[in-house]
Amino acid sequence: MSTDAAETDDALAERVEQWLAREMPIIQMHGGTSSVRRADLETGEVVVELGGGCSGCGVADITTGNIEAELLKWPEIEEVTVRVPESGESLGVEQAESIMGVDRTEGGRGDWGSSNPGKDHL
């Protein structure tokens, strides 16, 4: 692959990353992570991996379907694969269990057993 093609692939990956952050904030709001693992402008293939709270989440299929449907509207994208690890599995998208006080258990929706600020808290 030429240097120009690599820069173009990187630019596509960056645009997809920015789109994910802007249009799919629910991923981070629920403790998930996203990463563009492949963006090939020549073949039109994009691979996105979700991790963190997305692992084992009951609505991950809806999220992946929405990502695929929207990215396939882009004229330069022909094929989209969104991978989500099974609960307890990692696809390489790692994030600490707790970031900014958000407990990653229960799909990032919190868990009283580990994030209860105190017994007197309502």
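Predicted, not measured: the structure shown is a model, and the values here were computed from it.

## Digging into the packing of aromatic side chains
Any aromatic ring pair is given by two values, namely how distant the centres are and how the planes are angled relative to each other.
Okay, step 1: A complete count under the given rule lists 1 aromatic pair for this structure.
Okay, step 2: Aromatic pair Trp19 and Trp74: ring centres 6.5 Å apart, planes at 90 degrees, arrangement edge-to-face. A residue pair is termed long-range when its members are at least 10 positions apart, and Trp19 in helix H1 (residues 3-23) and Trp74 in the loop between helix H3 (60-71) and strand E3 (79-83) qualify at 55 residues.

## Notes on the nonpolar core
The tendency in soluble globular proteins is for nonpolar side chains to be buried as a group.
Okay, step 1: Core analysis: the largest hydrophobic core is formed by 19 residues, its most contacted members being Val16, Leu20, Val48, Ile67 and Leu71.
Okay, step 2: Looking at this core, the element that brings in the most residues is H1, giving 5 residues.

## A short note on the pairing of strand E1 (residues 32-40)
Okay, step 1: Bridge count between E1 and strand E2 (residues 45-52): 8 bridges; the pairing is antiparallel. Across the sheet, residue Thr33 finds its bridge partner in E2, namely Gly51.

## Looking at the sheet that holds E3
Picture the strands of a sheet paired through backbone hydrogen bonds; they go either parallel or antiparallel.
Okay, step 1: Read across the open sheet, the 3 strands follow the order E1-E2-E3; overall the sheet is mixed. The two strands at the open ends of the sheet, each matched to only one other strand, are E1 and E3. In this sheet, adjacent strand axes meet at a mean angle of 15 degrees when their direction is disregarded.

## Considering H3
Okay, step 1: Here H3 spans 16 Å end to end across 12 residues, near enough to the 16 Å set by a 1.5 Å rise per residue.
Okay, step 2: Looking only at H3, the buried set comprises Ala60, Thr63, Thr64, Ile67 and Leu71. An end-on view of H3 places all buried positions within 95 degrees of arc, on one side of the element. Those residues of H3 that are exposed and aimed more than 90 degrees away from the buried face are Asp61 and Ile62.

## A word on the environment of Cys54
Okay, step 1: Note that Cys54 resides in the loop between E2 and H3.
Okay, step 2: Accessibility expressed as a relative area gives 9% for Cys54, which makes it buried.
Okay, step 3: Considering only alpha carbons, one finds Cys54 and Thr33, 21 residues apart in sequence, at a separation of 7.3 Å.
Okay, step 4: Sequence-distant contacts of Cys54, defined by excluding residues within four places in its chain, comprise Ile27, Gly32, Thr33, Ala60 and Val84.

## What about the pairing of E2?
Okay, step 1: By the criterion of burial, E2 is predominantly enclosed, with 7 of the 8 residues buried.
Okay, step 2: In this structure, the hairpin formed by E1 and E2 is closed by a connection of 4 residues, where Gly44 is found at a positive phi of approximately 80 degrees.
Okay, step 3: This β-α-β element, E2 to H3 to E3, shows right-handed connectivity.

## Quick notes on the pattern of salt bridges
Okay, step 1: One pass over the structure, following the stated rule, counts 7 salt bridges.
Okay, step 2: In this structure, the salt-bridge partner of Arg37 is Glu49, at a minimum N-O distance of 2.9 Å. Residue Arg37 is located in strand E1, and its partner Glu49 is located in strand E2; the two are separated by 12 residues in the primary sequence.
Okay, step 3: Arg37 sits in the partly exposed class, given a relative accessible area of 40%.
Okay, step 4: The class of Glu49 is buried, set by a relative accessible area of 6%.
Okay, step 5: The partner of Glu45 in a salt bridge is Arg38, and the shortest N-O contact between them spans 2.7 Å.

Cut-offs and rules
Residues numbered from 1 in each chain as written. Predicted model: local features only at pLDDT ≥ 70, side-chain atom pairs only at ≥ 80, totals over all residues. Heavy atoms only, no water. Phe/Tyr/Trp six-rings, centres within 6.5 Å; stacked < 30°, edge-to-face > 60°. Helix = DSSP H or I, 4+ residues; strand = E, 2+ residues; numbered from the N terminus. Core = buried A, V, L, I, M, F, W, Y, C linked by side-chain atoms within 4.5 Å. Buried < 20%, exposed > 50% of the residue type's maximum accessible area, 1.4 Å probe, protein only. Pairing = 2+ DSSP bridges. Axes fitted to C-alpha atoms, helices over the stretch in contact; angles between N-to-C directions. Expected span 1.5 Å × (residues − 1). Arc of directions from axis to C-beta. Contact = heavy atoms within 4.5 Å. Right-handed = clockwise from strand over helix to strand, strands pointing away. Salt bridge = Lys/Arg side-chain N within 4 Å of Asp/Glu carboxyl O.

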